[in-house]
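Structure at a glance
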Amino acid sequence: MLNAKTDPDSALNPKTIRPGATIGMLGGGQLGRMFFLAAKQMGYHAVVLTDSEGSPAALVADSVIVGDYTPQNLEKLASQCDVVTLEFENIPDAAVQHLAKRVPTFPPASILRIAQDRHLEKRTLAEMPLPVTPFRTVEHPGSEAGIKELSEAAAAFGFPLILKTARSGYDGKGQKKVANQEELIAAANEFGNERIVAEKMIAFEREVSVLVARNQQGETAVYPLIENQHRNHILAISHSPAAASPEIEKAAVQIAETVAKKLDLVGILCVELFEVPGEGLIINEIAPRPHNSGHLTIEGSSTSQFEQHVRAVCGLPLGDTSPRCPAAMFNLLGDLWGDDGSDPPFEQALTVPGVSLHLYGKTEARPGRKMGHLTAVGKTVEEALRRVYEAYELLVE
Ligand SMILES: Nc1ncnc2c1ncn2[C@@H]1O[C@H](COP(=O)(O)OP(=O)(O)OP(=O)(O)O)[C@@H](O)[C@H]1O
Ligand SMILES: [Mg+2]
């Protein structure tokens, strides 16, 4: 495994990249945008390699390289930057390896390879050993052997069973829940030759996530648990603190630290977890980047997840992860926009005390597309949640 502290030939030797330097980003979405806003506040320059001049991160960057991850574009990015990071994990690891030879690039390609593949991810975590959702990997679901393997998984885990493509899933895309053998066969045929994992459906009490940062010096910092509610497989609402016991909080910290250290993380990483009555925490998946559930750290924490990511990749001391106040976040999906592209009445939502509006600068609203979010802070988590629901309702006409 790539080790920043012991590999003398790599460009990854611990080195503080001081404010005034330039940070590069692969990928131009909202995570990149909020990362850049934090980086610029700290005096860094921001360069993005993205497929569009109008992408959310490009709109706030100091300089934009438009194009694919070609060797030429990667060279151009490397030549302009002191450090490079990634906006999301589905970036070809060859591109990241190429960059890492030229400029310090975090997180390392080794983590991406794991996070890009559900099979490898679950196997790696299980070997740590950490609790993961029981699963079976099926190489060719549509084949006779594949259907047999899936039927065995259903016999072991019961129905409903969740089938997920091993690669390129996000916001529930590439997932199918099957309730019986007939649905299982139909889904298997649809997946065809695409490798999938079949997962046991977990009867969780709540979904939570934990953010952990680790810098080049190996220092780690873990945030308190965040509680999440999904609608249609897309994150809808998060709040923190979560309604979790001290034992669960402790277990989450231990999981987060283990993952960060064993994967040799440099940057920030989110562990998505299910809390199961009588069993404790089970890992759903990891994301080696700032996470949608962590957006509430902008208003709710001493150090936002984006600032923490800047600190981690620049080799700065990590920031305080303690809460400033209870906070709740509600995602704004494209469904809230009119068919004619008209905006929801933001000014209405802003009448609610403690509410902040974040918009990502996307001009085209599509159903399910993350356009922005609302965060509300309060004296209690109940107050924060009440406020964010109230503000959201004012946007729904
Ligand atoms: N095995 C499972 N048991 C119960 N619920 C599940 C399971 N797998 C997924 N889900 C539900 O579906 C949601 C999305 O699943 P998952 O995180 O695997 O998908 P994703 O496409 O990577 O989503 P995202 O990008 O939003 O994290 C989970 O947060 C959870 O609510
Ligand atoms: Mg997920």
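Our subject is the structure that appears above.
Anyway, here's the lowdown on the structure attached to this text. As the structure is a computational prediction, the values presented were derived from the model and not from experiment. (Residues numbered from 1 in each chain as written. Chains lettered and ligands numbered in written order. Predicted model: local features only at pLDDT ≥ 70, side-chain atom pairs only at ≥ 80, totals over all residues. Heavy atoms only, no water.)

Next up on the list: the overall build of the protein. When you go through the protein residue by residue, the secondary structure sums to 12 helices and 18 strands. Computed over the C-alpha atoms, the radius of gyration of the protein is 21 Å, within 12% of the 21 Å expected from 2.2 N^0.38 for a compact globule of 397 residues. For the protein, the spread of C-alpha atoms along the principal axes amounts to about 60 × 55 × 45 Å. Taken over 397 residues, the protein has a buried fraction of 57%. In the protein, once contacts between residues fewer than 6 apart in sequence are set aside, the share between residues at least 24 apart is 62%. Taken as a whole, the protein presents about 16,600 Å² of accessible surface, with 50% of it coming from carbon and sulfur. In the protein, 37 side chains carry a positive charge and 50 a negative one; their mean positions are 5 Å apart. (Helix = DSSP H or I, 4+ residues; strand = E, 2+ residues; numbered from the N terminus. Rg over C-alpha atoms; globule rule 2.2 N^0.38 Å. Buried < 20%, exposed > 50% of the residue type's maximum accessible area, 1.4 Å probe, protein only. Contact = heavy atoms within 4.5 Å. Areas by Shrake-Rupley, 256 points an atom, 1.4 Å probe, with all protein chains shown as cover. Lys, Arg positive; Asp, Glu negative; His and termini not counted. Charge placed at Lys NZ, Arg CZ, Asp CG, Glu CD.)

Here we come to the packing of helix α2 (residues 71–80) against helix α3 (residues 93–102). Axis separation between α2 and α3 bottoms out at 10 Å; the angle between their running directions is 35 degrees. When you trace α2 past α3, the crossing you get is right-handed. Seen from α2, the contacting residues are P71, L74, E75, L77, A78 and S79; seen from α3, they are A95, H98, L99 and R102. Of the residues in the contact of α2 with α3, the class split is six nonpolar, two polar and two charged. (Axes fitted to C-alpha atoms, helices over the stretch in contact; angles between N-to-C directions. Left-handed = near helix turned anticlockwise from the far one by under 90°. Nonpolar A, V, L, I, M, F, W, Y, C, P; charged D, E, K, R; others polar.)

Our next topic: unusual backbone geometry. The omega torsion across M128 and P129 is -5 degrees, close enough to zero to call that bond cis. Along the chain, P129 turns up in the loop between α5 (118–127) and β6 (135–138). In this structure, the amide linkage connecting F159 to the following residue, P160, adopts the cis form with an omega of -5 degrees. You will see that N232, though not glycine, has its phi angle at about 50 degrees, which is positive.

Residues in contact with ligand 1 amount to 21 residues; listed here are only the nearest, K164, G172, Q175, E207 and E285. Here an oxygen atom of ligand 1 sits 2.5 Å away from a polar atom, N or O, in the side chain of E207. Elements that contribute at least two residues to the shell around ligand 1 include exactly β7 (161–165), β9 (196–200), β14 (267–276) and β15 (280–287). The residue makeup of the shell around ligand 1, split by class, is six nonpolar, seven polar and eight charged. Taken domain by domain, the makeup of the shell around ligand 1 includes at least three residues from each of domain 2 (134–200) and domain 3 (206–393). (Near = heavy atom within 4 Å. Polar contact = N/O pair within 3.5 Å; in protein donor to acceptor, adjacent residues only side chain to side chain. Domains from an automatic or database assignment.)

What the rule picks out here adds up to five aromatic pairs. With 6.0 Å between their ring centres and 45 degrees between their planes, F35 and F36 make a pair best called tilted. Here F35 falls in the buried class, since its relative accessible area comes to 1%. The exposure class of F36 is buried, given its relative accessible area of 0%. Between the aromatic rings of F330 and Y392, the centroid separation amounts to 3.7 Å while the plane-to-plane angle is 5 degrees, which identifies the pairing as stacked. Of this pair, F330 sits in strand β16 (residues 327–333) while Y392 sits in helix α12 (residues 381–393), placing them 62 residues apart in sequence. Since its relative accessible area comes to 2%, F330 is described here as buried. For Y392, a relative accessible area of 15% puts it in the buried group. Taken together, the ring pairs connect F330, Y389 and Y392 into an aromatic cluster. Here K122 stacks its cationic end above the ring of F135, 5.9 Å away from the centre of that ring. (Phe/Tyr/Trp six-rings, centres within 6.5 Å; stacked < 30°, edge-to-face > 60°. Lys NZ or Arg CZ within 6 Å of the ring centre and 35° of its normal.)

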